[in-house]
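Inside the fold
In case you want the letters, here they are:
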Amino acid sequence: MKIRFQADADIDPDIRKGLLRREPSVDFRPAAGTIPDGTLDPEVLRIAAEDDRVLVSGDLRTMSVHFRDFVATRESPGVLLIPSSRSIGAVIEGILFIWLNWTPEDLRNRISWLP
């Protein structure tokens, strides 16, 4: 089974476009239509978890605190944090690497940084 991703509202839509150009079978759901701008972190985590998707977020400041509280009460597919200093190309390569080499269990109940 492959990892399925959920973009947070702060993730550039060009990341998804470029990722799907490289590998069309990657399941990377955009925030648009699922996570409105301004949605609070606990709700974002809930939305991703309910669909068994790893949350991809650039919210380095607060997401880890909310994630710790979230996994104290329920399971999570995990969170992948992406620093804003990374180029879109580097993010695409990192996500593709994870999709090709990691399993959903590698991220379950964990918060990880993009390699």
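Look up: the structure comes first, before these words.
Residues numbered from 1 in each chain as written. Predicted model: local features only at pLDDT ≥ 70, side-chain atom pairs only at ≥ 80, totals over all residues. Heavy atoms only, no water.

Counting secondary structure elements, the protein chain contains 5 helices and 5 strands. Seen in sequence order, the protein chain has helices and strands lined up from the N terminus as β-α-β-α-β-α-β-α-α-β. On C-alpha atoms alone, the protein chain measures out to a radius of gyration of 13 Å, which is about the 13 Å that the 2.2 N^0.38 rule sets for 115 residues. When its C-alpha atoms are laid out on the principal axes, the protein chain stretches across 35 × 30 × 25 Å. A total of about 6,000 Å² of accessible surface is found on the protein chain, and carbon and sulfur atoms cover 53% of it. The protein chain carries 15 positive and 18 negative side-chain charges, and their two centres are separated by 3 Å. (Helix = DSSP H or I, 4+ residues; strand = E, 2+ residues; numbered from the N terminus. Rg over C-alpha atoms; globule rule 2.2 N^0.38 Å. Areas by Shrake-Rupley, 256 points an atom, 1.4 Å probe, with all protein chains shown as cover. Lys, Arg positive; Asp, Glu negative; His and termini not counted. Charge placed at Lys NZ, Arg CZ, Asp CG, Glu CD.)

In contact at an axis separation of 9 Å, helix H1 (residues 13-22) and helix H4 (residues 88-101) are set at 55° when each is read in the N-to-C sense. Overall, the two elements H1 and H4 adopt an arrangement that is oblique. In this structure, H1 meets H4 at a crossing whose hand is right-handed. Contacts between H1 and H4 pair Asp14, Ile15, Gly18, Leu19 and Arg22 from the former with Ile88, Val91, Ile92, Glu93, Ile95 and Leu96 from the latter. Here the contact of H1 with H4 is composed, by residue class, of 7 nonpolar, 1 polar and 3 charged. (Axes fitted to C-alpha atoms, helices over the stretch in contact; angles between N-to-C directions. Parallel < 35°, antiparallel > 145°, perpendicular 65-115°, else oblique. Left-handed = near helix turned anticlockwise from the far one by under 90°. Contact = heavy atoms within 4.5 Å. Nonpolar A, V, L, I, M, F, W, Y, C, P; charged D, E, K, R; others polar.)

Between the first and last C-alpha of H4 there are 20 Å, a value that for 14 residues agrees with the 20 Å anticipated at 1.5 Å per step. Buried within H4 we find Val91, Ile92, Gly94, Ile95, Leu96, Ile98 and Trp99. Close packing links the buried residues of H4 with strand S1 (5-7), H1, strand S2 (28-29), strand S3 (54-57), strand S4 (79-81) and helix H5 (104-107). (Expected span 1.5 Å × (residues − 1). Buried < 20%, exposed > 50% of the residue type's maximum accessible area, 1.4 Å probe, protein only.)

Attention shifts here to the pairing of S3. Alternating residues of S3 divide into Val54 and Val56 and Leu55 and Ser57, and every residue in both groups is buried. In this structure, S3 lies alongside S4, joined through 3 bridges in parallel fashion. For Val56, the partnering residue across the bridge sits in S4 and is Leu80. Following the chain from S3 across helix H3 (residues 63-71) to the adjacent parallel S4, one finds a crossover that is right-handed. (Pairing = 2+ DSSP bridges. Right-handed = clockwise from strand over helix to strand, strands pointing away.)

Bringing the pattern of salt bridges into the picture now. The full count for this structure, using the stated rule, is 9 salt bridges. With its nearest N and O atoms 2.7 Å apart, the salt bridge here joins Arg29 to Asp51. Placement of Arg29 in strand S2 and of Asp51 in the loop between helix H2 (41-50) and S3 is noted, with a sequence separation of 22 residues between them. The salt bridge involving Glu105 is made with Arg108; its shortest N-O contact spans 3.0 Å. One connected set of salt bridges, linked through shared partners, spans Arg4, Asp27 and Arg53. (Salt bridge = Lys/Arg side-chain N within 4 Å of Asp/Glu carboxyl O.)

What follows covers unusual backbone geometry. Not every positive phi belongs to a glycine, and Asp52 is a case in point at roughly 55°. Counting through the fold element by element, Asp52 comes out in the loop between H2 and S3. Owing to a relative accessible area of 34%, Asp52 belongs among the partly exposed residues under this scheme. In this structure, Asn109 is a non-glycine residue whose phi angle is positive, near 60°.

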